[in-house]
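The primary structure of each chain is shown beneath.
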Amino acid sequence: MIEPIVTRLPKSLVELKFTVTPEEAQPFLDQAAQDLQAGKPIPGFRPGKAPYDEVKRAFGEMRIWETALERVVRARYVSTILAQQIDTIGSPAISVEQLVPGQDLKFTVTAPVMPIVMSLIAYDKPLVTKKKKEIGDTELTAALEDLRKMRRQEVIANRAATKDDMVVLDLDLKKDNVSLEGGASINYKVYLNEPHYIPGFSEQIIGLKKDDVKKFVLPFPKDHYQKHLAGQDVEFSVTVHDVYELALPALNDEFASGLGVDTMDKLRELIKTNMTNEAAQKMDEAAEIELLEKLVEGSKFSEVPELLINEEVRRMFGELEHNAEQQGMDMKDYLSQLKKSADEIKFEMVPQAMKRVQTAVLVKEVAKKEGVEIADEEVNAEIDRILEGVQDKETRERVTSTDYRDYVAAQMKNRKALQIIKDKAIKSE
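Conventions we followed
Here the residue numbering is sequential within each chain, running from 1 through the sequence in written order. Reporting of local features is limited, given that this is a predicted model, to residues whose pLDDT is at least 70; pairs of side-chain atoms are given and counted only at 80 or more, and all residues count toward the totals for whole chains, interfaces and linings. Side-chain calculation: all heavy atoms of the structure are included, whereas hydrogens and water are not. Only DSSP runs of H or I with at least four residues qualify as helices, and only runs of E with at least two residues qualify as strands; both kinds are numbered from the N terminus onward. Only protein chains enter the accessibility calculation, which uses a 1.4 Å probe. A residue is then buried if its area is under 20% of the maximum for its type, exposed if over 50%, and partly exposed in between. Contacts are residue-level and defined by heavy atoms, with any inter-residue pair within 4.5 Å sufficient. The distinction between a cavity and a pocket rests on a 1 Å grid over the protein atoms alone: a 1.4 Å probe fits inside a cavity but cannot get out, while a pocket stays open yet meets protein on both sides within 12 Å along at least five of seven lines, and a residue with an atom within 4 Å of a point counts as lining. Grid points are joined across faces, edges and corners, and a volume is the space filled by probe spheres set on the points. Residues are sorted three ways: Asp, Glu, Lys and Arg are charged, Ala, Val, Leu, Ile, Met, Phe, Trp, Tyr, Cys and Pro are nonpolar, and all the rest, Gly among them, are polar. Two strands qualify as a pair provided that DSSP identifies no fewer than 2 bridges between them. Orientation is described by axes fitted as lines to C-alpha atoms, over the contacting stretch for helices, and by angles from 0 to 180 degrees between their N-to-C directions. A side-chain nitrogen of Lys or Arg and a carboxyl oxygen of Asp or Glu constitute a salt bridge if their distance falls within 4 Å. The length a helix should cover is 1.5 Å for every residue beyond the first. A residue's pLDDT is simply how confident the predictor is in it, with values from 0 to 100. Whenever two N or O atoms come within 3.5 Å, that pair is a polar contact, provided that in protein one can donate a hydrogen and the other can accept it, and provided that, for residues adjacent in sequence, both atoms are side-chain atoms. Each Phe, Tyr or Trp ring, with Trp reduced to its six-membered ring, pairs with another whose centre is within 6.5 Å; inter-plane angles below 30 degrees give stacked pairs, above 60 give edge-to-face pairs, and intermediate values give tilted ones. In our convention, an over-ring charge means Lys NZ or Arg CZ found within 6 Å of a ring centre and within 35 degrees of that ring's normal. Should an angle fall under 35 degrees it is taken as roughly parallel, and over 145 as roughly antiparallel, whereas 65 to 115 is taken as roughly perpendicular and any remaining angle as oblique.

(A) Spatial organisation of the side chain of Ser-12. Assignment of secondary structure puts Ser-12 in the loop between β1 (5-9) and β2 (13-20). Exposure remark for Ser-12: the relative accessible area of 8% places this residue in the buried category. With residues up to four places along the chain from it excluded, the contact list for Ser-12 reads Ala-111, Pro-112, Val-113, Ser-302, Glu-303, Val-304 and Pro-305.

Written as structure tokens, this is what we have:
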């Protein structure tokens, strides 16, 4: 067998030049001959049973070679990248230099490859200090006030609205005496002590009482996502239905009992513990992000293929789109608010996308360096955890498939490698 010529090219590409002799190609030619006659049987022979020479006379030898070409290319390409441990990605480009019956078959395969860590910064000593955040009386008091607001009662108040009330009203918005699309709201709730998306709106409602009607003009914010209204004066018409006083419960044992805790002291202790744990988690996440950034900045990588960058940008843009939907906006309005096009946003994402790819490559390299392995029992336990409560047959089949199992094992290996890095390179205050 003639060994392929492997050449590393710029931009994380690899070129593999193959030469396949007619003898090496013969098994593939035989299979191609069977495929051809299976679709169009040769008179006098059962489908797939005609000798090679009969198929050659019936279809032409060139047709057989053309049919065999894909199998030859795939077999030689796959066996080579596995034997030489070349981590290719995406679809390769194939160029055939010689395809002549009876002569050597010559072709070239060019494929993107995963970037590699050319030099890895040492992580066997602390690179990042994890900060510690103490929960004081100010934070604890604010948390308790938030709990009070969550359990507040809205009681009708037969008086004018104050800045601490909630008002239910009908609202109609007009521009040049023409009602705005979507500008009419019935039983619209306004909490007067919270910022309104139209600055100055709440102040116009303070002092009104049940059945009051008021008209006023306010400018929409200059950065409003509806461009035709941004910075424009809009006419507001409100009719008050009711004014509600927001009655906050007292912070006592009865309040604590309503939250499933015996006493107020125990509630304070529980809240402080939870806030301390949450703060510690945030500090841990911040330290991890800082560490990975230092590792990437201090290491050297081969060039990242455009294919991977584009895939990561698409993933990041999808995350942005999902976040916009979570805020009740479609992507078109969100981009309008940012005053940028989708292409501009994607272009700005490229540097971060590259860092994400490099981070993944770095963690994978650490897993290899540290000899991280995931036992079958660990994967089984993780699959079982994922399947807890899953009844859908299609989902269960997908989660238990070989491909998904390999994905889970890879994720677990990366997490274990990342934990090794954190244990060595992060110290606490």
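Picking up where we left off.
(B) Structural context of the layout of surface pockets. Empty space within the largest pocket amounts to approximately 1,900 Å³. Lining the largest pocket are 44 residues; nearest its centre among them are Met-114, Ala-360, Val-361, Lys-364 and Asn-414. Among the secondary structure elements, those contributing two or more residues to the lining of the largest pocket are α3 (61-83), α7 (264-298), α8 (306-326), α10 (342-369) and α13 (402-425). Here the element with the most residues in the lining of the largest pocket is α10; it accounts for 12 residues. For the lining of the largest pocket, the per-class residue count stands at 21 nonpolar, seven polar and 16 charged.

(C) Representation of the sheet that holds β1 in the model. Reading across the sheet, the four strands line up as β1-β2-β4-β3 and stay open at both edges, with antiparallel pairing between neighbours. Among the strands making up the open sheet, the edge pair consists of β1 and β3 (93-98). Pairwise comparison of adjacent strand axes, ignoring direction, gives a mean angle of 15 degrees for this sheet. With five bridges connecting them, β1 and β2 associate as antiparallel partners. When the sheet's bridge partners are listed, Ile-5 is paired in β2 with Lys-17.

(D) Structural context of the side chain of Ser-202. With respect to the helices and strands, Ser-202 occurs in helix α5 (residues 201-205). Here Ser-202 is in contact with Val-190, Tyr-191, Leu-192, Glu-194 and His-196, once residues within four sequence places are set aside.

(E) A look at the pattern of salt bridges. Applying the stated rule across the entire model yields 29 salt bridges. In this structure, Asp-165 and Arg-159 form a salt bridge, with 2.6 Å as the shortest nitrogen-oxygen distance. We classify Asp-165 as buried; its relative accessible area is 2%. Given the relative accessible area of 30%, Arg-159 is considered partly exposed.

(F) The arrangement of α7 in detail. Between its terminal C-alpha atoms α7 stretches 50 Å, which fits the 51 Å expected from 35 residues at 1.5 Å a residue. Among the residues of α7, Met-264, Leu-267, Ile-271, Met-275, Ala-279, Ala-287, Leu-291, Leu-292, Leu-295 and Val-296 are the ones counted as buried.

(G) The arrangement of the confidence of the model for the protein in detail. On average, residues of the protein score 92 in pLDDT, and 100% of them are at 70 or above. Put simply, helix α9 (residues 331-338) is where the protein has its lowest mean pLDDT, 82, and strand β10 (residues 213-219) is where it has its highest, 96.

(H) Geometry of the environment of Lys-214. By the element assignment, Lys-214 lies in strand β10. Overall, Lys-214 belongs to the partly exposed group, its relative accessible area being 25%. Within the structure, Lys-214 has its side chain in polar contact with the backbone oxygen of Gln-204 (distance 2.9 Å).

(I) Looking closely at the pairing of strand β8 (residues 165-175). With eight of 11 residues buried, β8 is to be regarded as a mostly interior element. Judged from the 10 bridges that link them, β8 and strand β11 (residues 233-247) form a sheet pairing that is antiparallel. Its bridge partner lying in β11, Asp-165 is registered against Glu-245. Where β8 lies against strand β9 (residues 178-191), eight bridges are found, and the strand directions are antiparallel. Directly across from Leu-169, in β9, lies its bridge partner Tyr-188. Turn length for the β8-β9 hairpin, with the two strands adjacent in sequence and antiparallel, is two residues, and the turn residue Asp-176 shows positive phi of about 55 degrees.

(J) Region of interest: unusual backbone geometry. Not every positive phi belongs to a glycine, and Asn-177 is a case in point at roughly 65 degrees. Positionally, Asn-177 belongs in the loop between β8 and β9. Assessed through its relative accessible area of 65%, Asn-177 is described here as exposed. The backbone phi angle of Asp-211 is positive, close to 75 degrees, even though this residue is not glycine. Positionally, Asp-211 belongs in the loop between α5 and β10. Judged by relative accessible area, which is 56%, Asp-211 ranks as exposed.

(K) Quick peek at the packing of aromatic side chains. Here the structure, examined in full by the defined rule, presents seven aromatic pairs. Taken together, a centroid distance of 4.9 Å and an interplanar angle of 20 degrees make the contact between Phe-18 and Phe-107 stacked. Here the residue Phe-18 occupies a position in strand β2, and Phe-107 occupies one in strand β4 (residues 105-112), the gap between them amounting to 89 residues. Linked through ring pairs, Tyr-197, Phe-201, Phe-216, Phe-220 and Phe-236 together constitute an aromatic cluster. A cation sits over an aromatic face here: Lys-346 above Phe-317, 4.9 Å from the ring centre.

(L) Layout of the packing of helix α11 (residues 376-387) against α13. Two elements in contact, α11 and α13, have axes whose closest approach is 10 Å; the angle formed by their N-to-C orientations is 110 degrees. For the element pair α11 / α13, the angle class is roughly perpendicular. Of the residues in α13, those touching α11 at Asp-376, Glu-378, Val-379, Asn-380, Glu-382, Ile-383 and Ile-386 are Tyr-404, Arg-405, Val-408, Ala-409, Met-412, Arg-415 and Lys-416. A per-class count over the contact of α11 with α13 returns seven nonpolar, one polar and six charged.

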